[in-house]
Each structure stands twice: as C-alpha cells, then as structure tokens.
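Architecture at a glance
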Amino acid sequence: MSCMTIMNSPMLSMGLLFMGEGSEIPLHDHPGMLVTSKVLAGELFTFSRMDLMEIEDDPLEAFTAEAVFREEATFTEGDIFNLTPLNGNVHCFRATRPTIILDLLTPNYEQDERDCNYYRLLSKSAGSLTNGAKVNLQYLLSPEQMTMNVVKYTGTPLRFS
C-alpha cells in the first residue's frame, strides 16, 4: 500500500491511497474528523463500520471502548462514502482488486497533532455482527503487519485560502 498527500492546509488534507488486491487497512478511526472518500478505480470492501458510543479524550488510558456496528458495504469506482466523528468512524477495509481512493480529511491531522487509533474487536453481540450490534474494542498501540509507503506528490501545488 502507498499513500500520497496532494494538499495540506490547516483545515483540509487531500490525498490518494493506492491499495493492491487483497491489501487491508486494520480497524482504525480518525478522531474528531470528517472523512470523505471516493473510489477512483477498483473495489473496496468495508467489513466494519462502527460508531463509538463514547469518545474518550485519551483512548490509550481506557484500553477498551464500546461501539455499535453499522454495516458492511462494497464500494466500486465512482462511489463516495463519508465518515463523521460519530458515524462510521471506526472502520477497516480490504481492496478486492487494485484500488485507488481519493481522501479528503478535515481538519487535517497536523491541526491538533492527532493520530488515528487502532483497535481489535474483542466481542460480538449475539455471536454475529448485525446492524446495531454492540461490540467491545481494545485499543492497540500500532497495527500488526501493515506497511504504508509514502509517495511524494510532484504535481502542481494546490492552495486553498
């Protein structure tokens, strides 16, 4: 997997994510952020989109969190999906074929020196993940077996006032 930042301003980050077939991004969030993504090419299967029931100031102190499972979905070329601070923000996905995603994030990560958090699913409600099921998550310091290569953007600089 590779990522490329196209533009960074104090309130907005725009980038591309390149995923090979079968590559996965583990369960994670974008704390306090709105993320809009468009699949430019390929196909993406989101196998977990969850709403945190409670947002912690410092999740590493709590070690666990409770969330509500929302959906599984497949997104193909041209599809757009949104994550808000409270809706679908905990998520993971897998490319079912080579995929390129355009991501817009606001505010950008550098604004408040925030990092995304990674999680592991601890339990399921009633033994299956159905819409509305409550699940328990464990915070992880870093994902296992994920490598992200950074590609430098060499195109025309974009600026927003």
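To start, this report covers the structure provided alongside it. Note that the coordinates shown come from a computational prediction; the quantities given were computed from them, not determined experimentally.

About the thresholds
- Residues numbered from 1 in each chain as written.
- Predicted model: local features only at pLDDT ≥ 70, side-chain atom pairs only at ≥ 80, totals over all residues.
- Heavy atoms only, no water.
- Phe/Tyr/Trp six-rings, centres within 6.5 Å; stacked < 30°, edge-to-face > 60°.
- Buried < 20%, exposed > 50% of the residue type's maximum accessible area, 1.4 Å probe, protein only.
- Helix = DSSP H or I, 4+ residues; strand = E, 2+ residues; numbered from the N terminus.
- Salt bridge = Lys/Arg side-chain N within 4 Å of Asp/Glu carboxyl O.
- Polar contact = N/O pair within 3.5 Å; in protein donor to acceptor, adjacent residues only side chain to side chain.
- Contact = heavy atoms within 4.5 Å.

Re the packing of aromatic side chains
Enumeration according to the criterion identifies two aromatic pairs in this entry. Taking the centre distance of 4.3 Å and the plane angle of 25° together, the rings of Phe-75 and Phe-81 count as stacked. Each member of the pair, Phe-75 as well as Phe-81, carries the same accessibility label: buried. Seen from their ring centres, Tyr-119 and Tyr-139 are 4.9 Å apart, and the 45° between their planes marks the pair as tilted. Note that Tyr-119 is positioned in strand S8 (residues 118-123) and Tyr-139 in strand S9 (residues 134-140), a separation of 20 residues in sequence. For the pair formed by Tyr-119 and Tyr-139, the shared burial category is buried.

A closer look at the pattern of salt bridges
Going through the model one piece at a time under the given rule, you end up with two salt bridges. Between Arg-94 and Glu-24 there is a salt bridge, and its shortest N-O distance comes to 3.8 Å. Linking Arg-94 in strand S7 (residues 90-106) with Glu-24 in strand S3 (residues 24-28), this pair joins segments that are 70 residues apart in sequence. In this structure, the salt-bridge partner of Glu-43 is Arg-97, at a minimum N-O distance of 3.7 Å. Taken as a pair, Glu-43 in strand S4 (residues 34-52) and Arg-97 in strand S7 lie far apart in primary sequence, 54 residues in all. For Arg-97, a relative accessible area of 37% puts it in the partly exposed group.

Structural notes on unusual backbone geometry
Omega for the peptide link from Thr-106 to Pro-107 comes to -15°, which places this bond in the cis form. Along the chain, the position of Pro-107 falls in the loop between S7 and S8.

Some words on the side chain of Asn-89
Mapped onto the elements, Asn-89 comes out in the loop between strand S6 (80-83) and S7. Given the relative accessible area of 5%, Asn-89 is considered buried. In this structure the side chain of Asn-89 is engaged in a polar contact, spanning 3.4 Å, whose partner is the backbone oxygen of Met-33. Sequence-distant contacts of Asn-89, that is, excluding residues within four places in its chain, are made with His-28, Asp-29, His-30, Pro-31, Met-33, Met-50, Leu-83 and Thr-84.

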